[in-house]
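Chain and residue survey
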Amino acid sequence: MEIKNARFVISSSHVKDCPSHGLPEYAFIGRSNVGKSSLINMLTCKKGLAMTSSTPGKTMLINHFLVDDSWYLVDLPGYGYARRGKESREALREMIEGYVLYRKEMTCLFVLLDCRHKPQKIDLEFMEWLGENSVPFAIVFTKTDKIGPVVLKEHIEYYKQVLHESWEELPPIFATSSEKRRGREELLDYIDRVNKS
Ligand code: GTP
Ligand code: MG
């Protein structure tokens, strides 16, 4: 699938303020700085569409982007940013949980994981929670340009082993680099298949 046009629609601070449209939504979640906003820009080939930053905690709202007038990409704030105050962390947690649990348009949640790191408790617990709540999700490894192909394969295999301790059947897994545009076709084809199913 190719994207012809993509545009920013709205930022919302609560799931109840998100636009009503009935179109499928694909949302991006993961730790702060993992590369959620960059991935949206890479998929749409629009560099400044979602705001990115080398400092964690850039995305603070639920951002809707309309693609080809038929489906949405949704950029969410990251979780686990320790330097935020307790109150602000709690508000973000509520925003994310509200969207993930109650947004009926959400068709698939992409959980982003930095391919350089070993499985982290916060990500594993988050995916556990998704499973408990029957939230459909897929895993996207990011920043694959930062390590070589052999190490990448090892890291992904190790991650799968860890996931198998909790899951018999694993979710779809993608490996991407926004820098090198890796994994773009695979992700867009997956979205296309889900849209048509
Ligand atoms: P928050 O909104 O703060 O939660 O962060 P985010 O997950 O949206 O991350 P963002 O896309 O803003 O990227 C964070 C940093 O990682 C930026 O400096 C990006 O340039 C960098 N980055 C993102 N994706 C990649 C990638 O595939 N490769 C490399 N080398 N850097 C990346
Ligand atoms: Mg962001």
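Right, let's walk through the structure included here. (Residues numbered from 1 in each chain as written. Chains lettered and ligands numbered in written order. Predicted model: local features only at pLDDT ≥ 70, side-chain atom pairs only at ≥ 80, totals over all residues. Heavy atoms only, no water.)

Okay, the layout of surface pockets next. The space that makes up the largest pocket amounts to roughly 680 Å³. For the largest pocket, the lining is made up of 30 residues, of which Gly35, Ser37, Ser38, Thr52 and Ser178 are closest to its centre. If one sorts the elements of the lining of the largest pocket by residue count, helix α1 (residues 36-44) sits on top with five residues. Of the residues that constitute the lining of the largest pocket, the class distribution is five nonpolar, 15 polar and ten charged. When its volume is computed, the second largest pocket comes out at roughly 370 Å³. (1 Å grid on protein atoms, 1.4 Å probe; cavity = no way out; pocket = protein on both sides within 12 Å on 5 of 7 lines; lining within 4 Å. Points joined across faces, edges and corners; volume = space filled by probe spheres on them. Helix = DSSP H or I, 4+ residues; strand = E, 2+ residues; numbered from the N terminus. Nonpolar A, V, L, I, M, F, W, Y, C, P; charged D, E, K, R; others polar.)

What follows concerns the site of ligand 1. Not every one of the 21 residues close to ligand 1 is listed here, only the nearest: Lys36, Ser38, Gly57, Asp145 and Ser178. Ser38 is positioned such that a nitrogen or oxygen atom in its side chain is 2.6 Å from an oxygen atom of ligand 1. Within the side chain of Asp145, an N or O atom sits 2.7 Å from a nitrogen atom of ligand 1. Taken by itself ligand 1 offers 640 Å² of open surface, and the protein chains cover 89% of this. Judged by its atoms lying within 2 Å of the grid points, ligand 1 is housed in the largest pocket. Of the residues belonging to the shell around ligand 1, the class tally is two nonpolar, 13 polar and six charged. (Near = heavy atom within 4 Å. Polar contact = N/O pair within 3.5 Å; in protein donor to acceptor, adjacent residues only side chain to side chain. Areas by Shrake-Rupley, 256 points an atom, 1.4 Å probe, with all protein chains shown as cover. Sits in = over half its atoms within 2 Å of the grid points.)

When you line up the elements, Asp123 lands in helix α3 (residues 121-132). Since its relative accessible area comes to 1%, Asp123 is described here as buried. Excluding its chain neighbours within four sequence positions, the residues that come into contact with Asp123 are Arg31, Tyr79, Leu113 and Tyr159. (Buried < 20%, exposed > 50% of the residue type's maximum accessible area, 1.4 Å probe, protein only. Contact = heavy atoms within 4.5 Å.)

Its 16 residues give helix α4 (residues 149-164) an end-to-end C-alpha distance of 22 Å, which sits within 8% of 22 Å, the value for a rise of 1.5 Å per residue. When α4 is considered as a whole, its buried residues turn out to be Leu152, Ile156, Tyr159, Val162 and Leu163. End-on, the buried residues of α4 take up no more than an arc of 120°, which puts them together on one face. In α4, the exposed residues that point more than 90 degrees away from the buried face are Val150, Lys153 and Gln161. (Expected span 1.5 Å × (residues − 1). Arc of directions from axis to C-beta.)

Turning our attention to unusual backbone geometry. Here Asn33, not a glycine, exhibits a phi torsion of approximately 80°, which is positive. Within the secondary structure, Asn33 is located in the loop between β2 (25-30) and α1. In this model, Ser134 sits at a positive phi of 50°, which is unusual for a non-glycine residue. Mapping Ser134 onto the fold places it in the loop between α3 and β6 (137-142).

Attention shifts here to the coordination of the magnesium ion (ligand 2). For the magnesium ion (ligand 2), the protein coordination sphere consists of Ser37 (OG) and Thr59 (OG1), at 2.0 to 2.2 Å. Note that Ser37 is positioned in helix α1 and Thr59 in the loop between α1 and β3 (62-67), a separation of 22 residues in sequence. Judged by relative accessible area, Ser37 falls into the buried class, the value being 7%. (Donors = N, O, S within 2.8 Å, 3.2 Å for Na, K, Ca; no water.)

Take the nonpolar core next. By size, the foremost hydrophobic cluster in this structure holds 31 residues, and its most contacted members are Ile29, Leu76, Tyr99, Leu109, Val111, Met127 and Leu130. Mapped by element, the contributors of at least two residues to this core are β2, β3, β4 (71-75), α2 (86-102), β5 (106-114), α3, β6 and α4. Broken down by element, the residue count for this core peaks at five residues, all from α2. In contact with Met127, other than residues within four places in its own chain, are Val111, Leu113, Phe137, Ile139, Tyr159, Leu163 and Trp167. Counting 26 residues, the second largest nonpolar core, distinct from the first, contains Leu49, Ala50, Phe110 and Tyr190. (Core = buried A, V, L, I, M, F, W, Y, C linked by side-chain atoms within 4.5 Å.)

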